[in-house]
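One-letter residues, chain by chain:
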Amino acid sequence: MINETRLLDTFLALVRTDSPSGEEATIAQELAARLRSLGLTVELDDMSNIVARLTGQGDPLLLAAHMDTAMPGYGVKPVVKEGVVYSDGTTILGADDKSGIAVILEVLQTIVEGELPHPPLEVVITVQEETGLVGAKSLDKSRLRARMGISLDTGGAPATIIVAAPSHNFVSAVVHGKASHAGARPEEGINAIVVAAQALVDMPLGRIDEETTANIGLVKGGVARNVIPDCVELLGEARSRQLAKLEAQTARMVEALQAAARRHGATVDVEVTRAYDGYTLTETDVTVGQLMAACRAAGVEPVLMPSGGGSDANIYNAYGMQVVNLSTGMCKEHSTEEYVAVADMVTCAEIVMKCIGSLS
Ligand SMILES: [Zn+2]
């Protein structure tokens, strides 16, 4: 059913079009044109998020992907070697998430050409996923009619289904010490870098448990060798698939900062914001069950997995939809070694076709 050559051609054309986060206007127009030529109605919002619809019978199904890519992502030159697509090694490939878009386009083309029965299909392709799910967050989700959906934005073996993803807190802090000349009046200073260092040593970071992680990823402070630094900024995060664990870990990070500040006579301003909410689905949820059956119908045994990262699926699930993330076969995404096997994209498309077939 799936046309492998056409799918590959589509994928190659997509990765050759630059679309780093925030610079999606060109590819958005290209995608809108492709979707219109397949008979879908297409709407673009102010950010260039695409919502496209193919009318059909029954309960609508969401097919989701994102059009922006990670960096370095300018001038991608795809190289096909023995059925696997790589970049030339100087950039990412952009299989994240153009493999997802290519699969969606191939599925639509197969349905339209074959005049195959299908439920109403709602195709949403967002912008700025990589910079914090910005497009999906700002998308007017009241426009969406689908209650269930498949997001095509994860990697791994074909038929890998992501059924759970963490909630994510941003933890930002500014430590305020006291500036003083390091040689003339060191006793009058409070070294904010030392306070921050103390807090970092006392803070549990890295893998906290199987579903909880934490990191401080950026530390910025100080002005000169001979000045006791009065200010240090820290940017960090915590994630967990259990909300209680997320709150406990976040509290430990805040407490470590406050305790270190108290000990040294410094102060600290800490800001905690929720980047996005997590979700957990199981085999008993309709969408998961449908997709598992579709995998088996396509001849692949499904593998249900939790994820340590968020994606647009977090936003859709938080909105009350039931959306699972299905592997497109992409590997080593966010690196210049990124690759995807054409056969795995084909398998992904066949699974989506089986799912659509079972719903019509
Ligand atoms: Zn992605």
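Residues numbered from 1 in each chain as written. Predicted model: local features only at pLDDT ≥ 70, side-chain atom pairs only at ≥ 80, totals over all residues. Heavy atoms only, no water.

K.L.:
Give me the lowdown on the coordination of the zinc ion, citing residues and values where you can.
P.N.:
Taken together, His-66 (NE2), Asp-96 (OD) and Asp-153 (OD) make up the protein donors of the zinc ion, found 1.9 to 2.2 Å from the metal. In primary sequence terms, the donor set of the zinc ion follows H-x29-D-x56-D. Taken together, the positions of His-66 in strand β3 (residues 61–66) and Asp-153 in strand β7 (residues 148–155) put the pair 87 residues apart, joining distant regions of the chain. Comparing His-66 with Asp-153, the two get one shared label, buried. (Donors = N, O, S within 2.8 Å, 3.2 Å for Na, K, Ca; no water. Helix = DSSP H or I, 4+ residues; strand = E, 2+ residues; numbered from the N terminus. Buried < 20%, exposed > 50% of the residue type's maximum accessible area, 1.4 Å probe, protein only.)

K.L.:
Outline the packing of helix α2 (residues 25–37) against helix α3 (residues 95–114), listing residues and values.
P.N.:
At a minimum axis separation of 11 Å, α2 and α3 run at an interaxial angle of 15°. Accordingly, the angle class assigned to the pair α2 and α3 is roughly parallel. For the crossing formed where α2 meets α3, the hand is left-handed. Contact residues: α2 offers Ile-27, Leu-31, Arg-34 and Leu-35, while α3 offers Lys-98, Ile-101, Leu-105 and Leu-108. Here the residues of the contact of α2 with α3 are counted per class, giving six nonpolar, no polar and two charged. (Axes fitted to C-alpha atoms, helices over the stretch in contact; angles between N-to-C directions. Parallel < 35°, antiparallel > 145°, perpendicular 65-115°, else oblique. Left-handed = near helix turned anticlockwise from the far one by under 90°. Contact = heavy atoms within 4.5 Å. Nonpolar A, V, L, I, M, F, W, Y, C, P; charged D, E, K, R; others polar.)

K.L.:
Now, about the pairing of strand β1 (residues 41–44): what can you tell me, with residues and values included?
P.N.:
Of the strand pairs in this sheet, β1 and strand β2 (residues 50–54) are connected by four bridges, and their pairing is antiparallel. Looking at the pairing, Leu-44 lines up with Ile-50 of β2. As consecutive antiparallel partners, β1 and β2 are separated by five residues, and within that stretch Ser-48 has a phi angle of approximately 85°, a positive value. (Pairing = 2+ DSSP bridges.)

K.L.:
Describe the sheet that holds strand β9 (residues 167–176), listing the residues and the values that go with them.
P.N.:
Either a parallel or an antiparallel arrangement is found when strands of a sheet pair, and the pairing is made through backbone hydrogen bonds. Spatially, the five strands line up as an open sheet ordered β11-β12-β14-β9-β15, and their pairing is antiparallel. Two strands bound the open sheet, and with one partner strand each, they are β11 (206–209) and β15 (267–276). Between one strand and the next, the sheet's axes are offset by a mean angle of 20°, whatever the strand orientation. Examined bridge by bridge, β11 and strand β12 (residues 212–221) share three bridges and lie antiparallel to one another. Paired with Asp-209 across the strands is Thr-212, a residue of β12. Across the face of the sheet, helix α6 (residues 243–264) comes into contact with β9, β11, β12, β14 (231–240) and β15 while running at roughly 165° to β15.

K.L.:
Talk me through α6; I want residue IDs and the actual numbers.
P.N.:
Across its 22 residues, α6 extends 32 Å between first and last C-alpha, which sits within 8% of the 32 Å expected from 1.5 Å per residue. On the buried face of α6, the contacting elements are β9, α5 (192–202), β11, β12, β14 and β15. Two residues or fewer after α6 comes Gly-265, characterised by a positive phi angle close to 70°. (Expected span 1.5 Å × (residues − 1).)

These figures capture arrangement, not role.
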